[in-house]
Amino acid sequence: MRIAVYPGSFDPVTNGHLDIIIRAADKFDKLVVAVLRNSAKQPTFTVEERMDMLRRVTAAYPQVEIDTFDGLLVDYLHHKQAGIIVKGLRAMSDFEYEFQMALMNKKLAPDIETLFMVTSDKYSFLSSSIVRELASYNGSLEGLVPELLEDEIRRKIYHP
């Protein structure tokens, strides 16, 4: 069974994330979307909220599993018996950082590969931080996040 892991903070999940999830899910028997627990960061949404949002927007994809992890990503992949890390790239700046991480992961776990997927051009500008900023000003989130999450994201972030 070919198992891949798509790690991230997903704070909140965007249509760019969903684009990578759908395309990657088509390539593997199982795709684990793994929400990072990072005690050094203060996310807007709790891990449980992020996992719930991801479960709802991927419900139509039975090969997608939503999970959470902390610690080293390569240890998590070994635990899940996965051999591939999926990373979405929007720009060269993403590549530089992700390439360094891929090399470090390869050093730590030579059996694990990193697959870079280029985000669809219509999402190349999109990030969770942009979504949070727009929502904080009650800006339109149409086309940026899954439609079923728009109101929920705005309610959590917008405080007039």
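The shown structure was predicted, so the numbers you read here are calculated from the model rather than taken from an experiment.

So, how was this worked out
- Residues numbered from 1 in each chain as written.
- Predicted model: local features only at pLDDT ≥ 70, side-chain atom pairs only at ≥ 80, totals over all residues.
- Heavy atoms only, no water.
- Pairing = 2+ DSSP bridges.
- Helix = DSSP H or I, 4+ residues; strand = E, 2+ residues; numbered from the N terminus.
- Axes fitted to C-alpha atoms, helices over the stretch in contact; angles between N-to-C directions.
- Contact = heavy atoms within 4.5 Å.
- Phe/Tyr/Trp six-rings, centres within 6.5 Å; stacked < 30°, edge-to-face > 60°.
- Buried < 20%, exposed > 50% of the residue type's maximum accessible area, 1.4 Å probe, protein only.
- Salt bridge = Lys/Arg side-chain N within 4 Å of Asp/Glu carboxyl O.
- Parallel < 35°, antiparallel > 145°, perpendicular 65-115°, else oblique.
- Left-handed = near helix turned anticlockwise from the far one by under 90°.
- Nonpolar A, V, L, I, M, F, W, Y, C, P; charged D, E, K, R; others polar.
- Expected span 1.5 Å × (residues − 1).
- Arc of directions from axis to C-beta.

A look at the sheet that holds strand β5 (residues 113-118)
(1) Moving on: If you trace the 5 strands from one edge of the open sheet to the other, you get β3-β2-β1-β4-β5, paired in parallel fashion. If you trace the sheet from one side to the other, it starts and ends with β3 (64-69) and β5, each paired once. Ignoring strand direction, the axes of neighbouring strands in this sheet form an average angle of 30 degrees.
(2) Moving on: Relative to strand β2 (residues 30-36), helix α2 (residues 47-57) is tilted by about 155 degrees, and along the sheet it contacts β2 and β3.
(3) Moving on: Strands in contact with helix α3 (residues 73-80) are β1 (3-8), β2, β3 and β4 (84-89); relative to β3, the strand with the most contacts, it is inclined by about 135 degrees.

Points about the packing of aromatic side chains
(1) Moving on: In total, this model carries 4 aromatic pairs according to the counting rule given.
(2) Moving on: Each ring, one from Phe95 and one from Phe116, has its centre 5.7 Å from the other, and the planes form 65 degrees; the classification is edge-to-face. Placement of Phe95 in helix α4 (residues 92-108) and of Phe116 in strand β5 is noted, with a sequence separation of 21 residues between them.
(3) Moving on: The partly exposed category is assigned to Phe116, whose relative accessible area is 25%.
(4) Moving on: Three or more aromatic residues link up through ring pairs in this structure, and these residues are Phe95, Phe99 and Phe116.

Overview of the side chain of Thr14
(1) Moving on: When you line up the elements, Thr14 lands in the loop between β1 and α1 (15-25).
(2) Moving on: Residue Thr14 is classed as buried on the basis of its relative accessible area, which comes to 2%.
(3) Moving on: When residues no more than four places from it in sequence are discounted, the contact partners of Thr14 are Leu126, Ser127, Ser128, Val131, Leu144, Val145 and Pro146.

Observations concerning the pattern of salt bridges
(1) Moving on: Per the stated rule, a full pass over the model turns up 15 salt bridges.
(2) Moving on: A salt bridge links Arg23 to Asp19; the shortest N-O distance between them is 2.8 Å. On the criterion of helical spacing, the pair formed by Arg23 and Asp19 is a turn pair, its members being 4 residues apart in helix α1.
(3) Moving on: Judged by its relative accessible area of 30%, Arg23 falls in the partly exposed class.
(4) Moving on: Among the residues examined, Asp19 registers a relative accessible area of 13% and is labelled buried.

Quick notes on the packing of helix α5 (residues 128-136) against helix α6 (residues 150-157)
(1) Moving on: Put simply, α5 and α6 touch, their axes get as near as 8 Å, and they point 70 degrees apart. It follows that α5 is roughly perpendicular to α6 by the angle criterion. The crossing of α5 and α6 is right-handed. Between α5 and α6, the contacting residues are Val131, Arg132, Ala135 and Ser136 on the first element and Ile153, Arg154 and Ile157 on the second.
(2) Moving on: Taken together, the residues of the contact of α5 with α6 sort by class into 4 nonpolar, 1 polar and 2 charged.

With respect to α4
(1) Moving on: Along its 17 residues, α4 runs 24 Å from first to last C-alpha, staying within 8% of the 24 Å computed at 1.5 Å per residue.
(2) Moving on: Of all the positions in α4, only Asp94, Glu98, Ala102 and Asn105 are classed as buried. All buried residues of α4 lie within an arc of 65 degrees about the axis, which places them on one face of the element. Of the residues in α4, the exposed ones pointing more than 90 degrees away from the buried face are Met92, Ser93, Glu96, Gln100 and Lys107.
(3) Moving on: Residues of α4 that are buried sit in contact with α3, β4 and β5.

From the geometry alone we can't say anything about function, so treat these as descriptive.
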